[in-house]
Amino acid sequence: MRGSVAMTGKPVKVIRKKLRANVEHLDQLCAELRENLGSWRSEGELFACDLLLREVMLNAIMHGCPEASDSMVRCKLSFFSDGLQITVQDEGCGFDRNVWMARPYDPDKDSGRGLMIIRRYADRFRYNYSGNCLSIKKRLQSA
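Below: a short report on this structure. (Residues numbered from 1 in each chain as written. Predicted model: local features only at pLDDT ≥ 70, side-chain atom pairs only at ≥ 80, totals over all residues. Heavy atoms only, no water.)

### Considering helix H4 (residues 113-121)
Right, on to step 1. The set of residues buried in H4 consists of Gly114, Leu115, Ile117 and Ile118. Buried residues of H4, viewed axially, fall in a sector of 160°; they line one side. (Buried < 20%, exposed > 50% of the residue type's maximum accessible area, 1.4 Å probe, protein only. Helix = DSSP H or I, 4+ residues; strand = E, 2+ residues; numbered from the N terminus. Arc of directions from axis to C-beta.)

### Quick notes on the pattern of salt bridges
Right, on to step 1. Taken as a whole and judged by the stated rule, the model has 7 salt bridges.
Right, on to step 2. Note that Arg34 is salt-bridged to Glu43, the shortest N-O span being 3.5 Å.
Right, on to step 3. By relative accessible area, which is 28% here, Arg34 ends up partly exposed.
Right, on to step 4. Here the salt bridges share partners, and the residues they tie into one network are Asp27, Arg34, Glu43, Asp50 and Arg54. (Salt bridge = Lys/Arg side-chain N within 4 Å of Asp/Glu carboxyl O.)

### Structural notes on empty space enclosed by the protein
Over the atoms, a rolled probe matching the size of one water molecule traces out where space is still vacant.
Right, on to step 1. Per the counting criterion, the structure on display carries 1 cavity of 30 Å³ or more.
Right, on to step 2. Of the pockets and cavities examined, the largest cavity occupies roughly 30 Å³.
Right, on to step 3. Lining the largest cavity are Leu19, Arg20, Asn22, His25, Leu26, Met57 and Ile61.
Right, on to step 4. When residues of the lining of the largest cavity are traced back to their parent elements, those giving at least two are strand E1 (13-20) and helix H2 (43-64). (1 Å grid on protein atoms, 1.4 Å probe; cavity = no way out; pocket = protein on both sides within 12 Å on 5 of 7 lines; lining within 4 Å. Points joined across faces, edges and corners; volume = space filled by probe spheres on them.)

Here's what the structure looks like:
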């Protein structure tokens, strides 16, 4: 987590989605994110926001929801004039985030990539107590 990320005022726009726990809707959700961020943003900002949303959603779908279930994932995108907040919650039991956060990233393993990406691209992130809800803040150039 890096420095203070005080998003000023109330969100300009909020999008709430409740989606089936599969990847079918992910491209559409990311397109909606980019559309609401604005075409004038730098490709670097668009890439970072898209990547964060994809990783958080994929982690919720792949790790937070039981296979072959009708589980749902909730996503809330809050757009501020100077930032974005992404909150994703799955119906799973969560995980012990303290154990995972203490582990160094090992590129030879199949797990941990999402947390490494979040650490790299988010300005601030926070899990709920049970570990099944993640909120990310990303600073953006003001409109």
